[in-house]
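Each chain, written out:
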Amino acid sequence: MFLRSLLILLLATCLLSTFCNGKKIGKPIKRGNSSAPKIDNVRKTPQAIIDTQAFGAKGDGLTNDTEAFIKAWKKACKTENVVLLVPRHKRYYVGPIKFYGPCKKGLRMMINGELKASKNISDYEQDRRHWLLFQNMENFTVEGVGSIDGNGEVWWKHSCKIDKTIPCNAKTLIAPTAMFFNNCTNVTVRNLEFKNPQKMHLTISKSEHFEVSRLRLTAPADSPNTDGIHISWTKDIDIHHCYIETGLKINWQ
(Lines give C-alpha, C1' and ligand atoms only; values in the text may rest on other atoms or scores of the structure.)
Protein backbone atom coordinates (compact mmCIF):
# COMPACT_ATOMS: atom_id res chain seq x y z
CA MET A 1 0.00 0.00 0.00
CA PHE A 2 2.82 2.36 0.90
CA LEU A 3 4.68 1.54 -2.34
CA ARG A 4 1.55 2.13 -4.45
CA SER A 5 1.00 5.57 -2.86
CA LEU A 6 4.67 6.43 -3.43
CA LEU A 7 4.46 5.48 -7.13
CA ILE A 8 1.33 7.62 -7.63
CA LEU A 9 3.04 10.60 -5.97
CA LEU A 10 6.16 10.23 -8.13
CA LEU A 11 4.05 9.98 -11.32
CA ALA A 12 2.07 13.13 -10.46
CA THR A 13 5.31 15.02 -9.71
CA CYS A 14 6.78 13.95 -13.06
CA LEU A 15 3.70 15.09 -15.03
CA LEU A 16 3.63 18.45 -13.25
CA SER A 17 7.33 18.99 -13.93
CA THR A 18 6.89 18.17 -17.64
CA PHE A 19 4.01 20.67 -18.01
CA CYS A 20 5.86 23.47 -16.21
CA ASN A 21 9.00 22.98 -18.32
CA GLY A 22 6.93 23.65 -21.46
CA LYS A 23 7.45 20.24 -23.06
CA LYS A 24 4.88 19.10 -25.60
CA ILE A 25 2.35 16.59 -24.41
CA GLY A 26 0.29 15.06 -27.18
CA LYS A 27 -0.36 16.73 -30.59
CA PRO A 28 0.30 20.48 -30.95
CA ILE A 29 -2.68 22.83 -31.34
CA LYS A 30 -2.62 25.08 -34.43
CA ARG A 31 -3.48 28.72 -33.76
CA GLY A 32 -4.36 30.75 -36.80
CA ASN A 33 -3.00 30.61 -40.34
CA SER A 34 0.76 30.11 -40.34
CA SER A 35 0.91 31.49 -43.90
CA ALA A 36 -0.57 34.90 -42.93
CA PRO A 37 1.64 37.84 -43.99
CA LYS A 38 3.54 39.86 -41.44
CA ILE A 39 2.04 43.22 -40.53
CA ASP A 40 4.96 45.03 -42.18
CA ASN A 41 4.00 43.48 -45.49
CA VAL A 42 0.41 44.79 -45.47
CA ARG A 43 0.97 48.41 -44.50
CA LYS A 44 -0.10 51.01 -47.06
CA THR A 45 2.64 52.94 -48.77
CA PRO A 46 2.73 56.45 -47.27
CA GLN A 47 2.02 59.27 -49.69
CA ALA A 48 4.79 61.68 -50.59
CA ILE A 49 4.15 65.37 -49.90
CA ILE A 50 4.58 68.23 -52.35
CA ASP A 51 4.51 71.51 -50.42
CA THR A 52 3.34 74.60 -52.31
CA GLN A 53 5.89 76.64 -50.35
CA ALA A 54 8.70 74.65 -51.95
CA PHE A 55 7.64 76.22 -55.24
CA GLY A 56 7.75 79.79 -53.95
CA ALA A 57 4.35 80.28 -52.28
CA LYS A 58 4.72 82.83 -49.46
CA GLY A 59 1.35 82.54 -47.73
CA ASP A 60 1.65 86.05 -46.30
CA GLY A 61 -1.72 87.25 -47.59
CA LEU A 62 -0.05 89.91 -49.75
CA THR A 63 2.16 88.16 -52.29
CA ASN A 64 0.41 86.75 -55.36
CA ASP A 65 1.08 83.00 -55.06
CA THR A 66 -0.72 81.98 -58.26
CA GLU A 67 2.37 80.90 -60.20
CA ALA A 68 3.72 78.91 -57.26
CA PHE A 69 0.47 76.93 -57.08
CA ILE A 70 0.50 76.27 -60.82
CA LYS A 71 4.08 74.94 -60.64
CA ALA A 72 3.30 72.78 -57.60
CA TRP A 73 0.21 71.35 -59.33
CA LYS A 74 2.15 70.41 -62.46
CA LYS A 75 4.66 68.51 -60.33
CA ALA A 76 1.98 66.80 -58.23
CA CYS A 77 -0.10 65.83 -61.26
CA LYS A 78 2.86 63.99 -62.77
CA THR A 79 3.71 62.16 -59.52
CA GLU A 80 2.01 58.97 -58.37
CA ASN A 81 0.55 58.63 -54.87
CA VAL A 82 1.21 62.18 -53.66
CA VAL A 83 -0.34 64.88 -51.46
CA LEU A 84 -0.30 68.48 -52.67
CA LEU A 85 -0.10 70.38 -49.39
CA VAL A 86 -1.29 73.90 -48.61
CA PRO A 87 0.19 74.39 -45.10
CA ARG A 88 -1.68 75.65 -42.04
CA HIS A 89 -1.52 79.12 -40.49
CA LYS A 90 -0.89 80.73 -43.88
CA ARG A 91 -3.02 82.89 -46.17
CA TYR A 92 -2.38 82.33 -49.86
CA TYR A 93 -3.48 85.15 -52.15
CA VAL A 94 -4.18 83.68 -55.60
CA GLY A 95 -5.85 84.59 -58.86
CA PRO A 96 -7.67 82.21 -61.22
CA ILE A 97 -6.07 78.75 -61.38
CA LYS A 98 -6.90 75.87 -63.71
CA PHE A 99 -6.02 72.51 -62.16
CA TYR A 100 -6.07 70.31 -65.23
CA GLY A 101 -5.99 66.52 -65.34
CA PRO A 102 -5.83 63.66 -65.92
CA CYS A 103 -3.15 63.07 -63.31
CA LYS A 104 -1.27 60.09 -61.92
CA LYS A 105 -3.21 57.90 -59.51
CA GLY A 106 -3.35 58.58 -55.78
CA LEU A 107 -3.42 62.39 -55.89
CA ARG A 108 -4.87 64.33 -52.95
CA MET A 109 -4.97 68.07 -52.35
CA MET A 110 -4.77 68.96 -48.67
CA ILE A 111 -5.87 72.55 -48.05
CA ASN A 112 -4.98 73.33 -44.44
CA GLY A 113 -4.28 77.04 -44.87
CA GLU A 114 -6.51 79.73 -46.35
CA LEU A 115 -6.90 80.39 -50.07
CA LYS A 116 -8.01 83.97 -50.70
CA ALA A 117 -9.07 85.18 -54.13
CA SER A 118 -7.45 88.11 -55.88
CA LYS A 119 -9.41 91.36 -55.51
CA ASN A 120 -8.23 92.54 -58.91
CA ILE A 121 -11.09 91.91 -61.35
CA SER A 122 -8.70 92.40 -64.28
CA ASP A 123 -7.00 89.12 -63.23
CA TYR A 124 -10.12 87.33 -64.49
CA GLU A 125 -10.17 88.84 -67.98
CA GLN A 126 -9.39 85.53 -69.68
CA ASP A 127 -12.05 83.64 -67.71
CA ARG A 128 -14.77 85.45 -65.75
CA ARG A 129 -16.54 82.21 -64.78
CA HIS A 130 -13.97 80.34 -62.68
CA TRP A 131 -11.59 80.98 -59.83
CA LEU A 132 -10.42 77.47 -58.83
CA LEU A 133 -11.22 75.12 -61.70
CA PHE A 134 -10.61 71.34 -61.56
CA GLN A 135 -11.05 69.65 -64.91
CA ASN A 136 -10.74 66.06 -66.18
CA MET A 137 -9.83 64.70 -62.74
CA GLU A 138 -10.35 61.05 -61.75
CA ASN A 139 -10.00 59.35 -58.34
CA PHE A 140 -9.14 62.63 -56.68
CA THR A 141 -9.71 64.11 -53.21
CA VAL A 142 -9.76 67.72 -52.00
CA GLU A 143 -9.87 68.02 -48.21
CA GLY A 144 -8.29 69.68 -45.20
CA VAL A 145 -8.97 71.98 -42.28
CA GLY A 146 -8.51 75.22 -44.22
CA SER A 147 -10.81 77.67 -45.98
CA ILE A 148 -11.58 79.07 -49.41
CA ASP A 149 -12.39 82.79 -49.34
CA GLY A 150 -13.68 84.21 -52.63
CA ASN A 151 -13.32 87.88 -51.61
CA GLY A 152 -16.76 88.33 -53.08
CA GLU A 153 -17.34 91.89 -51.88
CA VAL A 154 -15.50 93.32 -54.87
CA TRP A 155 -17.88 91.47 -57.19
CA TRP A 156 -21.17 91.93 -55.33
CA LYS A 157 -21.12 95.71 -55.54
CA HIS A 158 -20.96 95.46 -59.35
CA SER A 159 -24.00 93.17 -59.52
CA CYS A 160 -27.15 94.58 -61.07
CA LYS A 161 -29.02 93.04 -58.13
CA ILE A 162 -27.17 95.39 -55.78
CA ASP A 163 -26.53 98.43 -57.99
CA LYS A 164 -29.84 99.30 -59.66
CA THR A 165 -28.09 101.62 -62.12
CA ILE A 166 -26.48 98.60 -63.80
CA PRO A 167 -28.70 96.84 -66.37
CA CYS A 168 -29.18 93.14 -65.71
CA ASN A 169 -27.98 91.16 -68.69
CA ALA A 170 -25.85 88.10 -69.33
CA LYS A 171 -22.62 90.10 -69.29
CA THR A 172 -23.18 91.96 -66.02
CA LEU A 173 -24.26 88.78 -64.20
CA ILE A 174 -21.00 86.94 -64.92
CA ALA A 175 -18.81 86.37 -61.88
CA PRO A 176 -16.50 83.45 -60.97
CA THR A 177 -17.57 80.36 -59.09
CA ALA A 178 -15.20 79.81 -56.16
CA MET A 179 -14.52 76.11 -56.87
CA PHE A 180 -15.68 74.40 -60.05
CA PHE A 181 -15.39 70.72 -61.01
CA ASN A 182 -15.94 69.87 -64.67
CA ASN A 183 -15.84 66.47 -66.33
CA CYS A 184 -14.56 64.65 -63.23
CA THR A 185 -15.08 61.09 -61.95
CA ASN A 186 -14.73 59.54 -58.48
CA VAL A 187 -14.01 62.76 -56.62
CA THR A 188 -14.36 63.57 -52.91
CA VAL A 189 -14.57 67.08 -51.43
CA ARG A 190 -14.73 67.25 -47.64
CA ASN A 191 -13.93 69.03 -44.37
CA LEU A 192 -13.44 72.51 -45.83
CA GLU A 193 -14.87 75.96 -45.21
CA PHE A 194 -16.10 78.12 -48.08
CA LYS A 195 -16.95 81.78 -47.53
CA ASN A 196 -17.68 85.00 -49.41
CA PRO A 197 -17.70 83.52 -52.93
CA GLN A 198 -17.67 85.77 -55.95
CA LYS A 199 -20.80 83.93 -57.09
CA MET A 200 -21.48 80.27 -56.27
CA HIS A 201 -19.42 78.45 -53.64
CA LEU A 202 -19.12 75.05 -55.32
CA THR A 203 -20.24 73.88 -58.77
CA ILE A 204 -20.11 70.32 -60.10
CA SER A 205 -20.82 69.84 -63.80
CA LYS A 206 -20.67 66.97 -66.29
CA SER A 207 -19.30 64.62 -63.65
CA GLU A 208 -20.16 61.35 -61.88
CA HIS A 209 -19.48 59.42 -58.68
CA PHE A 210 -19.02 62.39 -56.39
CA GLU A 211 -19.07 62.73 -52.61
CA VAL A 212 -19.36 66.09 -50.86
CA SER A 213 -19.33 66.07 -47.06
CA ARG A 214 -18.66 68.14 -43.94
CA LEU A 215 -18.44 71.47 -45.73
CA ARG A 216 -19.31 74.82 -44.21
CA LEU A 217 -20.51 77.34 -46.79
CA THR A 218 -21.40 80.88 -45.69
CA ALA A 219 -22.03 84.27 -47.25
CA PRO A 220 -23.72 87.47 -46.00
CA ALA A 221 -27.49 87.67 -46.27
CA ASP A 222 -27.38 90.45 -48.87
CA SER A 223 -24.82 88.78 -51.17
CA PRO A 224 -26.23 88.06 -54.66
CA ASN A 225 -26.15 84.65 -56.39
CA THR A 226 -24.01 83.00 -53.71
CA ASP A 227 -25.55 79.54 -54.13
CA GLY A 228 -24.11 76.88 -51.85
CA ILE A 229 -23.69 73.84 -54.11
CA HIS A 230 -24.74 74.00 -57.75
CA ILE A 231 -25.07 70.72 -59.71
CA SER A 232 -25.61 70.26 -63.44
CA TRP A 233 -25.39 67.27 -65.83
CA THR A 234 -24.02 65.14 -63.01
CA LYS A 235 -25.04 61.70 -61.74
CA ASP A 236 -24.38 59.57 -58.67
CA ILE A 237 -23.57 62.34 -56.22
CA ASP A 238 -23.80 62.08 -52.42
CA ILE A 239 -23.98 65.30 -50.37
CA HIS A 240 -24.18 64.98 -46.60
CA HIS A 241 -23.30 66.70 -43.30
CA CYS A 242 -22.92 70.14 -44.86
CA TYR A 243 -23.82 73.51 -43.31
CA ILE A 244 -25.03 76.09 -45.86
CA GLU A 245 -25.93 79.66 -44.98
CA THR A 246 -25.84 81.79 -48.11
CA GLY A 247 -27.22 85.08 -49.43
CA LEU A 248 -30.95 85.69 -49.45
CA LYS A 249 -32.86 86.16 -52.67
CA ILE A 250 -33.19 89.82 -53.54
CA ASN A 251 -36.29 90.98 -55.37
CA TRP A 252 -35.47 93.02 -58.42
CA GLN A 253 -37.16 94.19 -61.61
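Computed from a predicted model, the values in this text were never measured in an experiment.

Q: Any chance you could explain unusual backbone geometry here in plain terms?
A: The general pattern is negative phi for most residues beyond glycine and trans for most peptide bonds. Between G101 and the following residue, P102, the backbone shows a cis peptide bond with an omega angle of 5°. Mapped onto the fold, P102 is located in the loop between β5 (97-100) and β6 (107-111). The backbone phi angle of N136 is positive, close to 60°, even though this residue is not glycine. Locating N136 in the fold gives a position in the loop between β8 (130-135) and β9 (138-143). Despite not being glycine, D236 has its phi angle at roughly 60°, a positive value. Among the secondary structure elements, D236 is positioned in strand β18 (residues 235-240).

Q: Help me understand the state of the cysteines, please; the structure alone is not making it clear to me.
A: Among covalent bonds in proteins, the disulfide is the one between the sulfur atoms of two cysteines. Considering all chains together, one arrives at 2 disulfides under this definition. A sulfur-sulfur separation of 2.0 Å characterises the disulfide bridge that pairs C77 with C103. Sign of the S-S torsion, about -100° for the bond between C77 and C103, identifies this disulfide as left-handed. Pair noted here: C77 is in helix α2 (residues 66-77) and C103 is in the loop between β5 and β6, with a separation of 26 residues, a long-range link. The class for C77 is buried, based on a relative accessible area of 12%. Put simply, C160 and C168 are joined by a disulfide, and their sulfur atoms are 1.8 Å apart. Note on the C160 and C168 pair: the S-S dihedral is about 105°, so by sign convention the disulfide is right-handed.

Q: What exactly am I supposed to notice about the pattern of salt bridges here?
A: Side-chain pairs of opposite charge can arise where the charged atoms are in close proximity. In total, this model carries 7 salt bridges according to the counting rule given. The shortest N-O distance in the salt bridge between R108 and E143 comes to 2.5 Å. Of the two residues, R108 sits in strand β6 while E143 sits in strand β9, which places them 35 residues apart along the sequence. Judged by relative accessible area, R108 falls into the partly exposed class, the value being 24%.

Q: Sorry if this is basic, but what is going on with the sheet that holds strand β19 (residues 243-245) here?
A: Note: strands within a sheet are paired through backbone hydrogen bonds, in either parallel or antiparallel orientation. Here we have 7 strands laid out as an open sheet, ordered β2-β4-β7-β10-β13-β16-β19, and parallel in their pairing. Every interior strand has two partners, whereas the edge strands, β2 (60-64) and β19, have only one. Strand after strand, the sheet turns through a mean of 15° between neighbouring axes, direction not considered. Where strand β13 (residues 193-195) lies against strand β16 (residues 216-218), 3 bridges are found, and the strand directions are parallel.

Q: Can you walk me through the sheet that holds β18 in this structure?
A: Pairing within the open sheet is parallel, and its 7 strands lie in the order β1-β3-β6-β9-β12-β15-β18. If you trace the sheet from one side to the other, it starts and ends with β1 (48-51) and β18, each paired once. Between one strand axis and the next, the sheet turns through 15° on average, direction left out of account.

Q: In this structure, what is going on with α2? I would like to understand it.
A: Every α-helix carries 3.6 residues per turn, so stepping three or four residues along brings you back to the same face. Over its 12 residues, α2 runs 16 Å from end to end, which matches the ideal 16 Å to within 8%, given 1.5 Å per residue. Residues of α2 that are buried: T66, A68, F69, A72, W73, A76 and C77. Considered in projection along α2, the buried side chains sweep an arc of 155° and stay on one side of the axis. Exposed residues lying more than 90 degrees from the buried face of α2 are E67 and K74.

Calculation rules
- Residues numbered from 1 in each chain as written.
- Predicted model: local features only at pLDDT ≥ 70, side-chain atom pairs only at ≥ 80, totals over all residues.
- Heavy atoms only, no water.
- Helix = DSSP H or I, 4+ residues; strand = E, 2+ residues; numbered from the N terminus.
- Disulfide = S-S within 2.5 Å.
- Buried < 20%, exposed > 50% of the residue type's maximum accessible area, 1.4 Å probe, protein only.
- Salt bridge = Lys/Arg side-chain N within 4 Å of Asp/Glu carboxyl O.
- Pairing = 2+ DSSP bridges.
- Axes fitted to C-alpha atoms, helices over the stretch in contact; angles between N-to-C directions.
- Expected span 1.5 Å × (residues − 1).
- Arc of directions from axis to C-beta.

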